[in-house]
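Observations on chain architecture
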Amino acid sequence: YSSDHTAWSPLVPAFSKKYRTILMDNRGVGQTVAPEGPFTIEDMADDVKCLLDVLKIAKAHVIGVSMGGRIAQALALRHPDRVKGLVLCSTGARTPARTRFALTTMAEGLADGKISNEYYDKMMLAWTFSDRSFANPGILKMMLSGVSAERVRPKPADLLRQLQSGQDFDTRALLGQVKAPTLVIFGSDDILFPLDYGRELAAGIASARLVVFEGAAHAAYLEAAEK
């Protein structure tokens, strides 16, 4: 949510040693446009399936963080034959009410011109990184300068539509249908998706294993990139 493919830059060197690594921009961010009107998490999962079709990839290991983790769940449920393995990071079968409230308030403020892009970015950092990161001047400077200078900022209206795509998303009753081997990764200090949401995912998917990175928050995939 709100990030383009450049957010994955720190992990590409490690992944690409063993795998062909494909990064994509979801609808409404980066270089991918969003058609007019509302869309859903399931629509974005179908986008991933279509990308695999175009690239002639029969099956892939699929990794998703937060909103991307919900897209990955939807892909595994709608197109199970295309998913070789599933990695769900800092995500859930549903969205916590406090998280929905906070992100909606920020996105609406940005769309209405009540807050600046800079203020929005700083508040997103406050929600996604751990106390440990904020206590480290070097890490804090890196965060404030942006994960990647190549990032393409989404339009506020598209940001809102992307946020609204998951308003009704809830896979709790469907998790038993996920057959792909699944790894659930969480930071112990995540406040956007608290650890109980990771436990719920891992308990609902028969093949799932939960790994917790102590001291990391919602951006665990960046804070604990080496792991």
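What you see is a predicted model; the values in this text were computed from it and never measured.

Rules behind the numbers
- Residues numbered from 1 in each chain as written.
- Predicted model: local features only at pLDDT ≥ 70, side-chain atom pairs only at ≥ 80, totals over all residues.
- Heavy atoms only, no water.
- Pairing = 2+ DSSP bridges.
- Helix = DSSP H or I, 4+ residues; strand = E, 2+ residues; numbered from the N terminus.
- Axes fitted to C-alpha atoms, helices over the stretch in contact; angles between N-to-C directions.
- Contact = heavy atoms within 4.5 Å.
- Right-handed = clockwise from strand over helix to strand, strands pointing away.
- Salt bridge = Lys/Arg side-chain N within 4 Å of Asp/Glu carboxyl O.
- Buried < 20%, exposed > 50% of the residue type's maximum accessible area, 1.4 Å probe, protein only.
- Lys, Arg positive; Asp, Glu negative; His and termini not counted.
- Polar contact = N/O pair within 3.5 Å; in protein donor to acceptor, adjacent residues only side chain to side chain.

Bringing the sheet that holds strand 3 (residues 182-187) into the picture now. Note: strands within a sheet are paired through backbone hydrogen bonds, in either parallel or antiparallel orientation. Strand order in this open sheet of four strands is 1-2-3-4, and the pairing throughout is parallel. Each end of this open sheet is capped by a strand with a single partner; those strands are strand 1 (60-65) and strand 4 (208-213). Neighbour-to-neighbour, the strand axes of this sheet turn through a mean angle of 15°, independent of strand direction. Direction of pairing for strand 3 relative to strand 4: parallel, over a ladder of six bridges. Considered in strand 4, the bridge of L183 is made with R209. Sheet strands touched by helix 9 (residues 195-204): strand 2 (83-89), strand 3 and strand 4. Its angle to strand 3, the strand with the most contacts, is close to 170°.

With that settled, consider the pairing of strand 1. The two faces of the sheet receive side chains in turn, since in a regular strand these alternate between them. The sheet contact formed by strand 1 and strand 2 spans six bridges and is parallel. Of the residues in strand 2, the one forming a bridge with V62 is L86. Considered for its hand, the β-α-β crossover made up of strand 1, helix 3 (residues 67-78) and strand 2 is right-handed.

This part is about the pattern of salt bridges. Scanning the entire structure with this criterion turns up nine salt bridges. Residue D47 is joined to R27 by a salt bridge in which the shortest nitrogen-to-oxygen separation is 2.7 Å. With D47 in helix 2 (residues 41-54) and R27 in the loop between helix 1 (12-15) and helix 2, this residue pair connects regions lying 20 residues apart in the sequence. Residue classification places R27 among the buried residues on the basis of a relative accessible area of 17%. Across the pair D196 and R199 runs a salt bridge, and its minimum N-O distance is 2.7 Å.

For the rest of this paragraph, the subject is the environment of L88. Position of L88 among the secondary structure elements: in strand 2. The exposure class assigned to L88 is buried, which follows from its relative accessible area of 0%. When the C-alpha atoms of L88 and D121 are compared, they prove to be 24 Å apart, with 33 residues separating the residues in sequence. Once residues lying within four places of it in the same chain are set aside, the contact partners of L88 are G64, G69, A72, Q73, T182, L183, V184, I185, L201 and I205.

Attention now moves to the side chain of D190. Here D190 shows up in the loop between strand 3 and helix 9. An unpaired buried charge is present at D190: no salt bridge exists, and R98, the closest side chain of opposite charge, is 7.5 Å distant. Only 2.9 Å separates the side chain of D190 from the backbone nitrogen of L192, close enough to count as a polar contact. Dropping the residues within four chain positions of it, D190 is found in contact with S90, A216, A217 and H218.

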